[in-house]
Amino acid sequence: MTVIVLIAAPEGLRGHLTRWMVEVNAGVFVGNPNRRVRDRLWDLLTTRIGDGQAVLVEPAANEQGWAVRTAGRDRWRPVDFDGLILSARNRR
């Protein structure tokens, strides 16, 4: 399962994601795209997110069973802490 969260995303980006995933709440998308589709969606998000924020949670072969990618402005970033993925906020 893949989860994508968009915050302050440009117009049209949410609509594009609904072609591949279900929007379960405003800006929260859930689906099960294959790796190729997921990577292409991520490439699209990183180029079009602008001043917004995007977070993608995807399956991974690690202890937690998932990995996270982030893009955009003023974002949280994933930090590996002894094999455990935690989120850290960028300092200003």
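This text gives an overview of the structure that appears in the document. (Residues numbered from 1 in each chain as written. Predicted model: local features only at pLDDT ≥ 70, side-chain atom pairs only at ≥ 80, totals over all residues. Heavy atoms only, no water.)

**Notes on the overall build of the protein**
Quick note on the threshold: Under the DSSP-based scheme used, a helix requires at least four consecutive residues in state H or I and a strand at least two consecutive residues in state E, with every element numbered from the N terminus. The quantity called the radius of gyration is restricted to C-alpha atoms. Its globule counterpart is 2.2 Å times the number of residues to the power 0.38.
Of the regular secondary structure elements, the protein holds two helices and seven strands. Secondary structure of the protein in N-to-C order comes out as β-α-β-β-α-β-β-β-β. For a compact globule of 92 residues, the expected C-alpha radius of gyration is about 12 Å, and the protein comes in at 13 Å, within 12% of that figure. Its C-alpha atoms give the protein principal-axis dimensions of roughly 40 × 35 × 20 Å.

**Quick word on the pairing of strand S6 (residues 76-81)**
Quick note on the threshold: In this description, strands pair whenever DSSP reports at least two bridges between them.
Pairing of S6 with strand S7 (residues 84-89) involves six bridges; the strand directions are antiparallel. Note on S7: the bridge partner recorded for Arg-77 is Ala-88. Linking S6 back to S7 in an antiparallel pair, the connection comprises two residues, with Asp-82 at a positive phi of about 55°.

**Section: the pairing of strand S5 (residues 66-72)**
Bridge analysis of strand S4 (residues 53-59) against S5 gives seven bridges, and the strand direction is antiparallel. Looking across to S5, one finds that Val-57 is bridged to Val-68. Where S4 folds back onto S5 in an antiparallel hairpin, the turn is made up of six residues, including Gly-65, whose phi is positive at roughly 85°.

**Quick look at the nonpolar core**
The condition that has to hold: Here the nonpolar core consists of buried residues drawn from Ala, Val, Leu, Ile, Met, Phe, Trp, Tyr and Cys, with membership extended through side-chain atoms lying within 4.5 Å. Partly exposed describes any residue whose relative accessible area lies between the buried limit of under 20% and the exposed limit of over 50%, with all areas from a 1.4 Å probe on protein chains only and scaled to the type maximum. Any two residues whose heavy atoms approach within 4.5 Å at even a single point are treated as in contact.
Counting 14 residues, the largest nonpolar core has Ile-4, Leu-6, Leu-17, Phe-29, Trp-42 and Leu-45 as the members making the most contacts within it. Going through the elements one at a time, strand S1 (2-7), helix H1 (13-17), helix H2 (35-48) and S4 are the ones with two or more residues in this core. With residues near it in sequence (within four places) discarded, Ile-4 still touches Leu-17, Met-21, Gly-27, Val-28, Phe-29, Leu-45, Val-55 and Leu-56.

**Side note on the pattern of salt bridges**
Put simply, the rule is: When a carboxyl oxygen of Asp or Glu is within 4 Å of a side-chain nitrogen of Lys or Arg, the pair counts as a salt bridge.
Scanning the entire structure with this criterion turns up five salt bridges. One salt bridge in this structure joins Glu-23 and Arg-14, with 2.8 Å as the shortest N-O distance. Glu-23 gets classed as partly exposed once you look at its relative accessible area, which sits at 28%. A salt bridge links Asp-51 to Arg-73; its shortest N-O distance comes to 3.7 Å. Of this pair, Asp-51 sits in the loop between H2 and S4 while Arg-73 sits in the loop between S5 and S6, and the two are 22 residues apart along the sequence.

**Considerations on a nonpolar patch on the surface**
Definition in use: Like charges are joined within 9 Å and nonpolar side chains (Val, Leu, Ile, Met, Phe, Trp, Tyr) within 5 Å, but only among residues with over 30% relative accessible area and no salt bridge; these make up the patches. Note on areas: Shrake-Rupley, 1.4 Å probe, and residue coverage restricted to the protein chains presented here.
A surface patch of nonpolar side chains, about 280 Å² in accessible area, is lined by Phe-81, Leu-84 and Leu-86. By the element assignment, Phe-81 lies in strand S6. Taking the relative accessible area as the measure of exposure, Phe-81 reaches 52% and is therefore exposed.

**Considerations on H2**
Under the convention used in this document: By this rule the span expected of a helix is its residue count minus one, scaled by 1.5 Å. By arc we mean the arc of the directions from the helix axis to the C-beta atoms, nothing more.
Its 14 residues place the ends of H2 20 Å apart at the C-alpha level, agreeing with the 20 Å of an ideal helix rising 1.5 Å per residue. For H2, the set of buried residues is Val-37, Arg-38, Leu-41, Trp-42 and Leu-45. Taken around the axis of H2, the buried residues stretch over an arc of 135°, which confines them to a single face. When the buried face of H2 is taken as reference, the exposed residues oriented beyond 90 degrees from it are Arg-35, Arg-36, Arg-40 and Thr-47.

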